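One-letter residues, chain by chain:
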Amino acid sequence: MSNRPPRRRPARPYRRPRKDPVRFLAFEALRAVGERDAYANLVLPPLLRKARAAGDFDDRDAALATELVYGTLRRQGTYDAVLAACVDRPLREVDPPVLDVLSLGAHQLLGTRIPTHAAVSASVELARVVLGDGRAKFVNAVLRKVAAHDLPGWLERVAPPYDEDPEEHLAVVHAHPRWVVSALWDALGGDRGEIEALLAADNERPRVTLAARPGRITPAELLERAGADRATAGEWSPYAVRLAEGGEPGAIDAVADGSAGVQDEGSQLVALALANAPLAGDGGDSRWLDACAGPGGKAALLAALAAGRGAALLAAERQPHRAGLVARALAGNPGPYQVVVADGTRPAWPAGSFDRVLVDVPCTGLGALRRRPEARWRRAPQDVEGFAPLQRGLLREALRAVRPGGVVGYATCSPHLAETRAVVQDVLKNPGAPAAEWLDARPLLPGVPGLGEGPDIQLWPHRHGTDAMYLALLRRTA
């Protein structure tokens, strides 16, 4: 036998990690959301424009990056439960950038059709680029555990049975915080089928909806300019045009010149209901107010509707930068309007100055979770209580701002009962608020089903394909 030592295999040369532009951009977006409390719908578009300008992206790349970001954010709670079962320490002890890479990998494995080997290897390569080789090994080990089961298999392991804990079961399966599930379920009346349909709808990416602004462009003209192969008429609002999935509103010249704007169909219906509400008395119908006008979608539609009747709109917004957005949205309106920086709880206008007032109050935004999926993880039950004084104050001052016989529309993009009906009931019972009667808003939206028992209306993503907008109409009586 030879005494020579065994021959060592030559070490493989170190391979530098390759940067995948799509996954790197998705990671950048998640980091911005996590580090700066940014919203994905504000962060992602400029990142995509920059990547396109650099020649790194085509339409398929942009679509994949968008799916990775929004899909990961929507399912974050579910993926956290899965990852917690695959990591040997609490997730709060995992560095946030590492957790972002793991979440992106989990979404590719459990929420897309990307093959398992490709999802794991791409995630490990991303980890090498943004985290280093050492932590990339950790990512590789965890994701291989995740890949052991598909999503239904994991849900059987990490979600409690429905019969034992219905709210927690739905929270894990549909990736909503438990308190949000409870609040939405209460607002729906307790039906299991309805709450599951709503939670599922929250996890679907909504189509972009445009509003054709009266006096500037007709819906038919907007459809033609958007392209018949890329857009369809809205289902409920006569001014709505829905873009096909992946449609880019900024590429439509009618949006660029301001004759149309991006506006959810539910938001359009709120403005239309207020504009068509019956007034009383002989005070006329010439002065309208949007007391919380930012960022300007409802104000632009109201201003256009007002112009068609010879009325003028005052758009008030407390934050100067949002008032600037309102001014841009209203630019070119054919009728008279004014934009002011003003606080609706400390009005800069005399009492009884207006015939119609819209107050779309700040709220938790639980009705727009399709568009801002990260909001569900940022909100807490105490936020509802925090908004309550402001919401009541804005509604009281809106009632003071309208003349006797005039109408106030109280709107929120939250279906939470404490932000909707409870606010209206409290203000109406308050002896310090002007007397008002509650109008039945449902007849003002003919053809729209499932609006609730009245007199207020509640729109829903799973019933109407809109954000969960709430509207109560109050007519001042004295």
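Let us look at the structure shown here.

About the thresholds
- Residues numbered from 1 in each chain as written.
- Predicted model: local features only at pLDDT ≥ 70, side-chain atom pairs only at ≥ 80, totals over all residues.
- Heavy atoms only, no water.
- Buried < 20%, exposed > 50% of the residue type's maximum accessible area, 1.4 Å probe, protein only.
- Helix = DSSP H or I, 4+ residues; strand = E, 2+ residues; numbered from the N terminus.
- Pairing = 2+ DSSP bridges.
- Axes fitted to C-alpha atoms, helices over the stretch in contact; angles between N-to-C directions.
- Contact = heavy atoms within 4.5 Å.
- Salt bridge = Lys/Arg side-chain N within 4 Å of Asp/Glu carboxyl O.
- Parallel < 35°, antiparallel > 145°, perpendicular 65-115°, else oblique.
- Left-handed = near helix turned anticlockwise from the far one by under 90°.
- Nonpolar A, V, L, I, M, F, W, Y, C, P; charged D, E, K, R; others polar.
- 1 Å grid on protein atoms, 1.4 Å probe; cavity = no way out; pocket = protein on both sides within 12 Å on 5 of 7 lines; lining within 4 Å.
- Points joined across faces, edges and corners; volume = space filled by probe spheres on them.
- Core = buried A, V, L, I, M, F, W, Y, C linked by side-chain atoms within 4.5 Å.

## Section: the pairing of strand β8 (residues 354-360)
- A large share of β8 lies buried, amounting to 7 of its 7 residues.
- Judged from the 6 bridges that link them, β8 and strand β9 (residues 402-412) form a sheet pairing that is parallel. Of the residues in β9, the one forming a bridge with V359 is Y410.

## A few points about the sheet that holds strand β3 (residues 240-243)
- Spatial ordering of the open sheet is given by β2-β3-β1-β4, a layout of 4 strands whose pairing is antiparallel. Bordering the open sheet on either side are β2 (231-233) and β4 (260-262), each of which pairs with just one other strand. Taken pair by pair, the neighbouring strands of this sheet meet at an average axis angle of 30°, ignoring direction.
- Where strand β1 (residues 209-212) and β3 come together, 3 bridges link them in antiparallel fashion. Bridge pairing links L210 to V241 in β3.
- Relative to the sheet, helix α14 (residues 265-276) contacts β1 and β3, its axis offset from that of β1 by approximately 30°.

## Remarks on the pattern of salt bridges
- One pass over the full model with this rule turns up 32 salt bridges.
- When the shortest N-O distance is used, the salt bridge between E35 and R31 registers 3.2 Å. Of this pair, E35 and R31 both sit in helix α1 (residues 21-36), 4 residues apart, roughly one helical turn.
- Note on E35: relative accessible area 59%, which makes it exposed.
- A salt bridge links E168 to R178, with the nearest nitrogen and oxygen atoms 3.5 Å apart. Linking E168 in helix α9 (residues 166-174) with R178 in helix α10 (residues 178-188), this pair joins segments that are 10 residues apart in sequence.
- Salt bridges sharing common partners tie together D165, E167, E168 and R178.

## Some details on the packing of helix α5 (residues 96-111) against helix α6 (residues 116-130)
- As a packed pair, α5 and α6 sit with axes 9 Å apart at the nearest point and diverge in direction by 165°. Relative to α6, the element α5 lies roughly antiparallel. In the crossing of α5 with α6, the sense of the turn from one axis to the other is right-handed. Between α5 and α6, the residues in contact are V101, L104, G105, Q108 and L109 and T116, A119, V120, A122, S123, L126, A127 and V130, respectively.
- Tallied by class, residues from the contact of α5 with α6 come to 9 nonpolar, 4 polar and no charged.

## So, empty space enclosed by the protein
- With the rule as written, the count across this model stands at 3 cavities of 30 Å³ or more.
- Considering the residues around the largest cavity, the lining is formed by R213, R216, A300, A303, A304, A329, L330 and N333.
- Taken together, the elements giving at least two residues each to the lining of the largest cavity come down to α15 (297-307) and α16 (320-330).
- Of the residues forming the lining of the largest cavity, the biggest block, 3 residues, is contributed by α15.
- Its residues assigned to classes, the lining of the largest cavity shows 5 nonpolar, 1 polar and 2 charged.

## Digging into the nonpolar core
- By size, the foremost hydrophobic cluster in this structure holds 54 residues, and its most contacted members are F57, V69, L110, V139 and V146.
- Residues contacting L110, with those up to four places away along its chain left out, are Y79, V82, V146, H149, D150, L151 and W154.
- Counting residues in hydrophobic clusters, the runner-up holds 41 residues, among them W288, A311, L358 and L459.

## Quick look at unusual backbone geometry
- G294 connects to P295 through a cis peptide bond whose omega is 0°.
- Position of P295 relative to the elements: it lies in the loop between β5 (287-290) and α15.
- A cis amide bond, omega -5°, links G454 with the succeeding residue P455.
- Topologically, P455 is positioned in the loop between β10 (436-439) and β11 (457-458).
- Unlike most non-glycine residues, D37 shows phi in positive territory, near 55°.
- Structurally, the position occupied by D37 is in the loop between α1 and α2 (40-53).
- One non-glycine residue, A175, adopts positive backbone phi at about 60°.
- Look at A175 and you get buried, because its relative accessible area is 0%.

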